[in-house]
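# A closer look at the structure
Residue strings, one per chain:
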Amino acid sequence: MYLFKRESSLKKYLAFQRSFGNTIGFAPTMGALHQGHLALIEQSKKESDCTVCSIFVNPTQFNKSDDLALYPRTPAKDLALLEKVGCDVLFFPDVTDIYPESGIETIPVELGNLADVMEGAHRPGHFEGVVQVVQRLLQIVTPDQLYMGEKDFQQLTIIRSMVEQLALDTAVVGVPIIREPDGLAMSSRNVRLNAEERQIAPKIYAVLQQAKSMISRYNLKEIQTFAMEQLTKVGFKPEYFEIVDRSSLQPLQSVEGSKGVVACTAVWLGNVRLIDNLVFI
Ligand code: AMP
């Protein structure tokens, strides 16, 4: 695997790859890699000639400074995992490479209602930071395929909208959520859970599944109320549990006539914030 710290050297290498007609697949991450990240790399390897992974903990998408400071960083382990799955290129820039003092040129993107709800409502400025960094990374890598996880369902929808608005020649590929055997969605933040919290954490998925099983017998408001109560009962502090249209991300009153329905939730467990989602229809 090639490791690049600088934009200019990565660009040179990718131009060399393109000169042979090779396609580029790209998976941006914040490191502390797990099987969820590796699934993006594995899918890219199947569909692209050259797979690039980036590791960059983007300060502009953290709305809480302690969350940024406590974000797990395991560079040596990440490198070994990427080597093991056969990733071709790791881009591992510093903050000053991504945000040089000379400034960066990004095109404003209209997020509209997509960013008003759920993560956008609870983490002010988060998606502005995500859009900024993904746009900057796409300018550098200009991949044929961009691989992102359905774990961050709202993020994936917003990036799809950004790529469409900017008319980029990049296909956005959503990769299904990878879970632990007990159902907990894999996340870099899971390592911050203590033993007791780790026992409780899989119940997010259990509640999502329970909610899904209620869909033909209860209205969505009743299901939402049940899920919020249930999450609280098993030990979480739920921030939201929303049942939304999978394209517009707006909360639904009913599933009637809807082409896709997904339930998304964010909960606190101690001082760790976890998100998960489940496609209902
Ligand atoms: P992060 O490092 O948390 O920014 O995640 C980098 C990418 O990996 C994002 O596109 C995530 O959606 C994706 N990802 C993280 N966890 C999972 C998972 N459990 N299953 C699938 N994709 C994931």
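Residues numbered from 1 in each chain as written. Predicted model: local features only at pLDDT ≥ 70, side-chain atom pairs only at ≥ 80, totals over all residues. Heavy atoms only, no water.

## A short note on the overall build of the chain
Each helix and strand counted, the chain has 11 helices and nine strands in total. Taken against the 2.2 N^0.38 rule, which gives 19 Å for 281 residues, the C-alpha radius of gyration of the chain at 19 Å falls within 12% of a compact globule. Its C-alpha atoms put the chain at 60 × 40 × 35 Å along the principal axes. Out of the 281 residues in the chain, the part that is buried amounts to 52%. Relative to all contacts within the chain whose residues are 6 or more apart in sequence, the contacts with residues 24 or more apart total 73%. Here the chain has roughly 13300 Å² of accessible surface; of this, 52% comes from carbon and sulfur atoms. (Helix = DSSP H or I, 4+ residues; strand = E, 2+ residues; numbered from the N terminus. Rg over C-alpha atoms; globule rule 2.2 N^0.38 Å. Buried < 20%, exposed > 50% of the residue type's maximum accessible area, 1.4 Å probe, protein only. Contact = heavy atoms within 4.5 Å. Areas by Shrake-Rupley, 256 points an atom, 1.4 Å probe, with all protein chains shown as cover.)

## A short note on the confidence of the model for the chain
In this model, the chain carries an average pLDDT of 97, and 100% of its residues clear a pLDDT of 70 or more. No element of the chain has a lower mean pLDDT than helix 3 (residues 65-70), at 93, and none a higher one than strand 5 (residues 145-149), at 99. (pLDDT = per-residue confidence, 0-100.)

## Focus on the site of the ligand
As a matter of local geometry, the ligand sits amid 17 residues, with H37, G149, D152, I178 and M186 nearest to it. At a separation of 2.9 Å, an oxygen atom of the ligand approaches a polar backbone atom of M30. Its free accessible area being 490 Å², the ligand has 92% of it covered by the protein chains. Elements with a minimum of two residues in the shell around the ligand: strand 2 (24-29), helix 2 (35-47) and strand 5. Counting residues per element, the shell around the ligand draws most heavily on helix 2, at three residues. Residues belonging to the shell around the ligand are distributed by class as follows: nine nonpolar, six polar and two charged. (Near = heavy atom within 4 Å. Polar contact = N/O pair within 3.5 Å; in protein donor to acceptor, adjacent residues only side chain to side chain. Nonpolar A, V, L, I, M, F, W, Y, C, P; charged D, E, K, R; others polar.)

## Quick look at empty space enclosed by the protein
Under the criterion given, the structure shown has one cavity of 30 Å³ or more. Looking at the largest cavity, its volume works out to about 40 Å³. A total of three residues in the lining of the largest cavity trace back to one element, the largest contributor, which is strand 9 (residues 272-279). Looking at side-chain class alone, the lining of the largest cavity contains five nonpolar, two polar and two charged residues. (1 Å grid on protein atoms, 1.4 Å probe; cavity = no way out; pocket = protein on both sides within 12 Å on 5 of 7 lines; lining within 4 Å. Points joined across faces, edges and corners; volume = space filled by probe spheres on them.)

## Details of the layout of surface pockets
The computed volume of the second largest pocket comes to approximately 220 Å³. Lining the second largest pocket are 17 residues, and of these I55, F56, V57, R73 and F92 lie nearest its centre. The class makeup of the residues in the lining of the second largest pocket is 12 nonpolar, two polar and three charged.

## Thoughts on the state of the cysteines
Summed over the entire model, instances satisfying the criterion amount to zero disulfides. Here C87 is not cross-linked by a disulfide; its sulfur's nearest cysteine counterpart is in C53, at 5.2 Å. (Disulfide = S-S within 2.5 Å.)

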